[in-house]
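Here is how the chains run, residue by residue.
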Amino acid sequence: MNFSEHFNKGHILAKVDARVKLLVALALLLMVLSYKGIFFPLLMSAGALMLCIKMRIPLKAILARMAQPLFLALVILLLKLFFSGKDTMFVIKLPTSHFPLLTLAGHSDGLLEGIRITSRILGGVSIVMALGFATPFIEFVAALSWLRVPRPFIEIMMLAYRYLFVFLEDASTIYSAQKNRLGYAGIRKGLNSFGVLTGSLVLRGFEQSQKTADAMIQRGYTGDMPQLKSQPLSVAELAAAVIVVLAGGAVWMI
Amino acid sequence: MYSVKNVSYRYPDGTRALDGINLEVRQGAFVGLLGANGSGKTTLLRAMDKLLKGVEGQIRLSGVDISAMSPKEIYKKVGLVFQNPDDQLFAPTLFEDVAFGPMNMGFNAKEVERRVLNALKEVELSGLEKKSVHNLSFGQRKRACIAGLLAMGHETLLLDEPTAGLDPMGEYRMMKLLWKLNKENGVTVIMATHSVDLVPVFLDSLYILSKGRITRGGTPEEVFDAPEDMANIKLRLPHIAELLYKLKHEDKMNFDRIPLTIGEARREILKAIQNEKFKN
Amino acid sequence: MYSVKNVSYRYPDGTRALDGINLEVRQGAFVGLLGANGSGKTTLLRAMDKLLKGVEGQIRLSGVDISAMSPKEIYKKVGLVFQNPDDQLFAPTLFEDVAFGPMNMGFNAKEVERRVLNALKEVELSGLEKKSVHNLSFGQRKRACIAGLLAMGHETLLLDEPTAGLDPMGEYRMMKLLWKLNKENGVTVIMATHSVDLVPVFLDSLYILSKGRITRGGTPEEVFDAPEDMANIKLRLPHIAELLYKLKHEDKMNFDRIPLTIGEARREILKAIQNEKFKN
Amino acid sequence: MKIQNSKFKIQNFLPVTRYSSLVTVLLVTCYLSLVTDAAAMHISEGILPMNWAAVWFAVAVPFVWYGMKRLGELSKIDLSFKPLAGLMAAIVFVISLMPIPVPTAGTCSHPGGTAIPAILLGPSITVLITGVALLVQALFFAHGGLSTWGADVVSMGVTGAFAGIAVFKVLRKMRAGLALSAFFAGLVSDWAIYFTTSVELASGIMGDEPFLPLFTKILIAFVPTQLPLGIVEGAMTAGMVKLIFKRRSDLLVKFGVIKAEEAAL
Ligand SMILES: Nc1ncnc2c1ncn2[C@@H]1O[C@H](COP(=O)(O)OP(=O)(O)OP(=O)(O)O)[C@@H](O)[C@H]1O
Ligand SMILES: Nc1ncnc2c1ncn2[C@@H]1O[C@H](COP(=O)(O)OP(=O)(O)OP(=O)(O)O)[C@@H](O)[C@H]1O
Ligand SMILES: [Mg+2]
Ligand SMILES: [Mg+2]
C-alpha cells in the first residue's frame, strides 16, 4: 500500500499545510487541462517528478503509480497516430509490402494531437502523484473538510481508510488459506474460490460494522462524527502558494 | 455500584447465553469473570453496557435501572473495551480516535486535547498521537482502546479479555496498568479473562461463569479452593497453586493453605521446610 | 526436514520483519517459536509456507529449495493454520469446510468422507458435521481449522498461535492434540506461541525470536536457562520456574537445576527437603 | 508498383483487411496489456479536457449528493448504517485492488466490484461509496484522477450500480435463481462500466474527429481484457451472494434482497 505515510516523512513538503498543497495542486491541474500546447504540461510533469525524487520516493513506487496512466496514454497515442488526422507521414504494410494483410498509415496531425493529450496526462498525473506522496491521508481529509466537502462523505472516507488495512490483511489471509488447501488449482476452482473470498469479505464487513457501531455508540455517537477544528491558514504559506500559482499562470500565458 | 439481578439473555438464533445471572460489584472493586469459551462472558459485559436488546432481569448502575437510562447517561459512567482492538478503533489516527469520546461529550478543543494527552500518558502511548491506528502494534492498539475510554473519565471500565494475544510481558504490563487505574484513580474494573495465573496476583474478587450461569464467586482464594471441579467448568488452578496442591495432597507436605501467587508460595514452602526441620 | 538459511524479509512498507534467520527442524520434531508481539513469528511461518514474495536467503523442505517448488507441491506437504480461525473457514458447514482440501486433491467421494470424518474425530468434533461454521464457538473453530488440514494428510503443520483465545482447558487439550499428532502420527509440528507455561510440558525444542532474529534455540531447559535477559525480549520464565528460581537464588534453597514443569518441580522440592533433613 | 493503386487490391479479397484497423488496435492493446497491469475501467488524470471533465462532474455530483441524503435518512433509523457504508467502501476498494489473471490478455486486471454493494445496499448508496473509493484511489494509486473523478463516478458508480441492480431486479422478477441473477448483474454491470468509459474516453479525446468510429475502436481495444473480466466479475458476484445466502441469509432478508420465505428454505 503506497500511502504517503509509508515513505520518508521528513521531506521538503512535509511541513507545508495540506490545504495549501491541495489548492496549489488543483490550480496547476486546471492550468494543465486548459492549456492548448504541450510545453506547460510537460514542464509541470518534470517539476512534479523532480519534487517526488526530492522527497526521496523510491523510483519503483513512482513507476508503479505511473504505469497504468502511461498505458492508457500509449493506447491513445497510437489510436490518434493511426486512425485520425489526414496528413499521411508513413505507411506500414504487414507482414510484407508485397502481401499486405494490414495497411496502416501514420498521420502527422494525428500524432501531434496524440502527443498533446499524452502530455496532458503526464502533467496531470505527475501533479496529483506529487500531491499524494506529499500529503498524509489524514491531512488530505482535513483539507477536504476545510474545503466544505460534505460531512457524510468525509466520515465514510475516514472509516474506509481505517478499515482498508484490516480488510486487506483479511483478504490476503483468506487467499493464502484457500491456496493452502489448493483452492486455486484450475480456472473453475479459482473462480469459485474467488467468489467465496469476496463473499467472506463482505460478510466480514457486515459483522465488523455492527461492532464498530457499538464501539462508536458507547463513546457517545449519535449519528454524526464530531470534527476537529482546523488551525487558521498561515499567511506566509498562503502567500508562497499564491506566488507559485501566479508563476505557473505566467508560464501558462506564454 | 453494579447490581445484576436474575439476568437472562437469548440470542436471536435461540442460544441461551445468559441464564439467571446475579452479581454485585461495589465501587472501586477489581473484579474478574472467568469461564470457558462460550460461557457467556462477552454477552454479560455487553448486557451490562446496554448493548443488547431484550435482556430479561434487572441491571442497576449506582442504584438506577439501566433500562431507564439514556445511552448517553450510561456511556458517561461506563466504558466497555472489546476483545478485538480493531473493532473499537475506528478513527484514522490515534489522536482522533481518543478524542472521539470527549468531543461527543461536548468539551471545548482545549479540554479535549488535555484529556487525550492525559489518557495517552496513562497508557504509555505519549508521542504517538499522529500515528495511523493501523500502524500500531497489537499491544499498542489494546492500550489505545483503553485510552479512548479513559479520556471520557469513566468511573467504571468493563474489559473483554484485555490481555488476550499479548506477549507475556505485555500481559503483565496491561494488568499492572489496570491495577494502577483501579488503586490510584479509583476506577472500578470488571474484566473477562482466561489468564488464570495472573488473576490472583491482581484481582480482588472473581466470578466463575459456566453455561450462562455464575457457579461461584468470591476472592481468588475462595474460588480456587475446590480444585476438583475446576475441570468441569474447563478451568484449572494457577500453575503455582497446582504445584502446591500436589505437594500437599500427593506428597503430604504440610501447608496451611494453598497459595496462589509466587510470593505466597515461597513463604509457604519455606515455612513447611522449617516445620520439617523441627520435626526431626 | 525444514532448513532455513539466512532468511531475511522486508515488508513493502520497509519494515524489516526477518533479519538473517537460521533454523533447522528435523522430521518428527515438535518445535516452538516464542517472541514478543511483532517479533516476526507470523512472518517466518508465512515465509516457510512460501506465502511471501521476495524472501532473501534459502528455505529447504526435505532438501529441496522451496523457491523451486510449485505451490501444489508445497501445500501437499505443509499446512499452515492461521492465527484467526475466521480467515480460513470459508465453507458453510463444518463438513464442507473440512472436505474442501481433500476434494481439491481429487479424491473420490468415499475417500473424501473417510478423511473428513477421521479428521473431525481427531480434533474431537465428531457429530457436528452439519453445523454451520459461524455457529461454532471460538475454540471449536480453531479445531475445525486444524481438521481442515489434517484431512489433507500433511506431514508437516505450521501453526500460528493455535492456543490464543482458548480457555485454559481448551489450551491444554489443543496442545495435547498436537502432541498426539506429533508422537503418534509422526507429524512434524512447528508452532508460534505466547504460552510460556505450556511450552516446556509439550515441546521438544524452542526458538526465541526477537526483532526478526533468532536469539536463542534449544530444548526448553536450555532456553530458559538465563532468566535475567528474558525481560529484554519481553518474555518471562514459566511460573513454576520462576518460583523455583526465586527459592534457589533468594531463599538459598539447594536445587541442582531449575525445573520447568510441575512434575519436575515436585521432585526437586522434595529432594531439597530431603537434603535439608540430612543436614540437621 | 504501388499496391494501393493497383486494380487488384489484395485487400478486396481478404475480408480480414476490411477490419484491419480494428485488428491492429486489438493486437496493440493485447501487446501493451501484456506488459502493464491494466485497470482500464478508470479514466486517468488529464485524459479529459476541461470542458468534458466539468460535464461529468455536473452529472456525478447530484447522484453523490442524493446518496448522502439517503445515507443520512437511513442512519437516523439505524446508527450502524454509516459505519456499514464506510466499511463497504473499504471492501469495494480492496476488491478493486485484487489482481485477477485474465487468460486472454495474459495479464492481470482488476474487477470493479460495484454490483455487490448495489445488490446489498441499493444503487444510491453505492454511488456514494464508489465516489469515496475513487477519490482515495485517484490520490494514492493514480487509478483514475481528481479531474476525471466525475467521469469515473458516472461510469463505475452510476451506470455500474444502476445497470447491475436493474438486471438483478428484472431477473429476480422473472423468478431466476439468486446466483444466476447475481451473475448477470455482475456481468452486465462490468460491461456497462466498460461501455460508458468508452463513451467518455472517445468524447474526451475526439478533438474534431467524428465520435462514432473512435468510440468503436476504443470499445474494441479493450475487448480482450473486458469481456473475460465481465465473466469473472459475474462469477464473483454470484459466489458472494451464494455464500451470504448459505451463511447469513438473515442479512439478505434484512436488506430486502430476498424475502423471508426464501431464507427459510
Ligand atoms: N451473535 C450471536 N448469535 C448467536 N449466538 C451467539 C452469538 N454470540 C455468541 N453466541 C453464543 O452465546 C454463547 C456465549 O457466547 P459469549 O461470546 O458470551 O462467550 P464468551 O464467554 O465470551 O466466550 P469466549 O471466551 O470464547 O470469548 C456461546 O454459546 C455462543 O456460541
Ligand atoms: N503486512 C505488513 N506490512 C508491514 N509490516 C508488517 C506487516 N505485517 C507485519 N508487519 C510488521 O512486521 C513485524 C513482524 O510482524 P509479525 O506479524 O511477524 O509478528 P508476530 O511475531 O507474529 O507478532 P504477534 O505475536 O503480535 O502475532 C512487526 O513489526 C509488524 O509490525
Ligand atoms: Mg468473549
Ligand atoms: Mg503473529
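Note that the structure is predicted; figures quoted are calculated from it, not measured.

Peer 1: I keep staring at a positive patch on the surface and nothing clicks. Help me out?
Peer 2: A grouping of Lys169, Lys173, Arg175 and Lys259 of chain D is seen on the molecular surface, where their side chains present a positively charged patch. With respect to the helices, strands and loops of the structure, lysine 169 of chain D is situated in helix α7 (residues 149-173).

Peer 1: I tried to follow the site of ligand 2 on my own but got confused; where do I start?
Peer 2: Residue and element names in this part refer to chain C. Close to ligand 2 lie 15 residues, the nearest being Asn37, Gly38, Lys41, Thr42 and Thr43. At a separation of 2.7 Å, an oxygen atom of ligand 2 approaches a polar backbone atom of glycine 38. Within the backbone of serine 39, a nitrogen or oxygen atom sits 3.2 Å from an oxygen atom of ligand 2. When ligand 2 is considered free in solution it has 630 Å² of accessible area, and contact with the protein chains removes 69% of it. Grouping the amino acids of the shell around ligand 2 by side-chain chemistry returns 3 nonpolar, 9 polar and 3 charged.

Peer 1: Is there a simple way to explain the interface of chain A and chain D in this structure?
Peer 2: Interface extent is often summarised as the accessible area lost during association of the parts. Each side of the interface is counted separately: chain A has 86 residues, and chain D has 90 residues. Of all residues in chain A, Phe71, Phe153 and Phe206 of chain A bury the most surface against chain D, accounting for 10% of the area lost on that side. Counting every contact that joins chain A to chain D gives 2 salt bridges. In this structure, the salt-bridge partner of glutamate 207 of chain A is arginine 248 of chain D, at a minimum N-O distance of 3.0 Å.

Peer 1: I tried to follow the sheet that holds strand β3 (residues 30-35) of chain B on my own but got confused; where do I start?
Peer 2: Note: strands within a sheet are paired through backbone hydrogen bonds, in either parallel or antiparallel orientation. All names here are of chain B. One open sheet holds the 6 strands; their spatial order is β6-β7-β8-β3-β9-β10, and the pairing between them is mixed. Every other strand in the sheet has two partners, leaving β6 (78-81) and β10 (213-218) as the edge strands with one partner each. Here the strands of the sheet are splayed against their neighbours by 15° on average, with no regard to which way each runs. Judged from the 5 bridges that link them, β3 and strand β8 (residues 188-193) form a sheet pairing that is parallel. Residue phenylalanine 30 lies in a different strand from β8, and its bridge partner there is valine 189.

Peer 1: I tried to follow the site of ligand 1 on my own but got confused; where do I start?
Peer 2: Lining the immediate surroundings of ligand 1 are 16 residues, of which Asn37, Gly38, Lys41, Thr42 and Thr43 of chain B lie closest. Near ligand 1, the surrounding residues belong to chains B and C. A distance of 3.2 Å is found between an oxygen atom of ligand 1 and a backbone nitrogen or oxygen belonging to serine 39 of chain B. Threonine 43 of chain B places a side-chain nitrogen or oxygen 2.5 Å from an oxygen atom of ligand 1.

Peer 1: Please explain the layout of surface pockets as it appears in this structure.
Peer 2: To find the voids left in a structure, one rolls a probe of water-molecule size over its atoms. One number sums up the size of the second largest pocket: a volume of about 1,000 Å³. Along the wall of the second largest pocket there are 49 residues; nearest its centre are Asp197, Arg236 and His239 of chain B together with Glu171 and Leu198 of chain C. Secondary structure elements with two or more residues in the lining of the second largest pocket: α7 (168-185) and α10 (239-249) of chain B together with α6 (168-185), α9 (239-249) and α10 (262-279) of chain C. Here the lining of the second largest pocket is built from residues that sort into 23 nonpolar, 13 polar and 13 charged.

Peer 1: In this structure, what is going on with the arrangement of the chains? I would like to understand it.
Peer 2: Among the 5 pairs of chains that make contact, the interface with the largest number of contacts is formed by chains A and D. At the level of C-alpha atoms, the two units chain B and chain D stay apart, their nearest approach being 9 Å.

Peer 1: Please clarify how the side chain of arginine 204 of chain A should be interpreted in this entry.
Peer 2: Mapping arginine 204 of chain A onto the fold places it in helix α7 (residues 187-217). Residue class for arginine 204 of chain A comes out buried when judged on its relative accessible area of 13%. Engagement of the side chain of arginine 204 of chain A in a polar contact is seen with the side chain of aspartate 170 of chain A, the distance being 2.9 Å. Not counting the four nearest positions on each side in its chain, arginine 204 of chain A is found in contact with Phe167, Asp170 and Ile174 of chain A together with Asn84, Asp86 and Asp87 of chain C.

Peer 1: Help me out: how do you make sense of the pairing of strand β8 (residues 188-193) of chain C in this one?
Peer 2: Successive side chains on a regular strand alternate, one facing one side of the sheet and the next facing the other. All names here are of chain C. β8 sits mainly inside the fold: 6 of its 6 residues count as buried. Covered by surrounding structure in β8 are Thr188, Ile190 and Ala192 together with Val189, Met191 and Thr193, the residues of both alternating faces. Where strand β7 (residues 156-160) meets β8, 5 bridges bridge the pair, whose relative direction is parallel. Considered in β8, the bridge of leucine 159 is made with methionine 191. Considered for its hand, the β-α-β crossover made up of β7, α6 and β8 is right-handed.

Peer 1: Mind showing me how you'd approach the sheet that holds strand β5 (residues 64-65) of chain B here?
Peer 2: All names here are of chain B. Spatially, the 4 strands line up as an open sheet ordered β2-β1-β4-β5, and their pairing is antiparallel. At either margin of the open sheet sits one strand with a lone partner, and together these are β2 (16-25) and β5. Judged from the 5 bridges that link them, strand β1 (residues 2-10) and strand β4 (residues 56-61) form a sheet pairing that is antiparallel. Its bridge partner being in β4, serine 8 is matched across the sheet by glutamate 56. Across the sheet, helix α1 (residues 41-48) lies against β1, β2 and β4, angled at about 60° from β2, the strand it touches most.

Peer 1: Can you walk me through unusual backbone geometry in this structure?
Peer 2: The phi torsion of most residues other than glycine is negative, and most of the peptide bonds are trans. One non-glycine residue, arginine 56 of chain A, adopts positive backbone phi at about 60°. Residue placement: arginine 56 of chain A occurs in the loop between α2 (39-54) and α3 (59-83). Despite not being glycine, glutamate 161 of chain C has its phi angle at roughly 45°, a positive value. Mapped onto the elements, glutamate 161 of chain C comes out in the loop between β7 and α6. Under the relative-accessibility criterion, glutamate 161 of chain C is labelled buried at 6%.

Peer 1: For this particular structure, what's the right way to read the packing of helix α6 (residues 151-180) of chain A against α7 of chain A?
Peer 2: When two helices pack together, their arrangement is given by the angle between the helix axes and by the axis-to-axis distance. Residues and elements named next belong to chain A. Look at α6 against α7: their axes get within 10 Å of each other, and the N-to-C directions meet at 140°. Put simply, α6 runs oblique to α7. Here α6 runs over α7; the crossing is right-handed. In this structure, α6 contributes Leu159, Tyr163, Phe167, Asp170, Ala171, Ile174, Tyr175 and Gln178 to the contact, and α7 contributes Ser193, Val196, Leu197, Ser200, Leu201, Arg204, Gly205, Gln208 and Thr212. Its residues assigned to classes, the contact of α6 with α7 shows 9 nonpolar, 6 polar and 2 charged.

Peer 1: It is not clear to me how the interface of chain D and chain C should be interpreted in this structure. Could you clarify?
Peer 2: In this complex, chain D contributes 4 residues to the contact, which on the side of chain C involves 6 residues. For chain D, the biggest contributors to the area lost against chain C are Leu243, Lys246 and Arg247 of chain D; these three give 92% of the whole. Our count for the contact surface shared by chain D and chain C stands at 1 salt bridge. Where lysine 246 of chain D meets glutamate 96 of chain C, a salt bridge forms, and the shortest distance between an N and an O atom there is 4.0 Å. Where chain D touches chain C, the interface holds 0 residue pairs in polar contact (both at pLDDT 80 or more). Among the residues forming the side of chain D that touches chain C, the class breakdown is 1 nonpolar, no polar and 3 charged.

Peer 1: Sorry if this is basic, but what is going on with the domain arrangement of chain A here?
Peer 2: All names here are of chain A. Examined at the domain level, chain A breaks down into domain 1 (4-147 + 231-252) and domain 2 (151-223). The centre of domain 1, based on its C-alpha atoms, is set 33 Å off from the matching centre of domain 2. Facing the 8 residues of domain 1 at the interface are 6 residues of domain 2. Here domain 1 meets domain 2 over a buried area of about 570 Å², counting both sides, of which 83% is carbon and sulfur. Among the residues of domain 1 in contact with domain 2, Phe137, Val141 and Leu144 are the three that bury the most area, contributing 64% of the side total.

Quick notes on the rules
Residues numbered from 1 in each chain as written. Chains lettered and ligands numbered in written order. Predicted model: local features only at pLDDT ≥ 70, side-chain atom pairs only at ≥ 80, totals over all residues. Heavy atoms only, no water. Patch = residues over 30% accessible without salt bridge, like charges linked within 9 Å, V, L, I, M, F, W, Y side chains within 5 Å. Areas by Shrake-Rupley, 256 points an atom, 1.4 Å probe, with all protein chains shown as cover. Salt bridge = Lys/Arg side-chain N within 4 Å of Asp/Glu carboxyl O. Lys, Arg positive; Asp, Glu negative; His and termini not counted. Charge placed at Lys NZ, Arg CZ, Asp CG, Glu CD. Helix = DSSP H or I, 4+ residues; strand = E, 2+ residues; numbered from the N terminus. Near = heavy atom within 4 Å. Polar contact = N/O pair within 3.5 Å; in protein donor to acceptor, adjacent residues only side chain to side chain. Nonpolar A, V, L, I, M, F, W, Y, C, P; charged D, E, K, R; others polar. Contact = heavy atoms within 4.5 Å. Buried area = accessible area lost by both parts, 1.4 Å probe. Pairing = 2+ DSSP bridges. Axes fitted to C-alpha atoms, helices over the stretch in contact; angles between N-to-C directions. 1 Å grid on protein atoms, 1.4 Å probe; cavity = no way out; pocket = protein on both sides within 12 Å on 5 of 7 lines; lining within 4 Å. Points joined across faces, edges and corners; volume = space filled by probe spheres on them. Buried < 20%, exposed > 50% of the residue type's maximum accessible area, 1.4 Å probe, protein only. Right-handed = clockwise from strand over helix to strand, strands pointing away. Parallel < 35°, antiparallel > 145°, perpendicular 65-115°, else oblique. Left-handed = near helix turned anticlockwise from the far one by under 90°. Domains from an automatic or database assignment.

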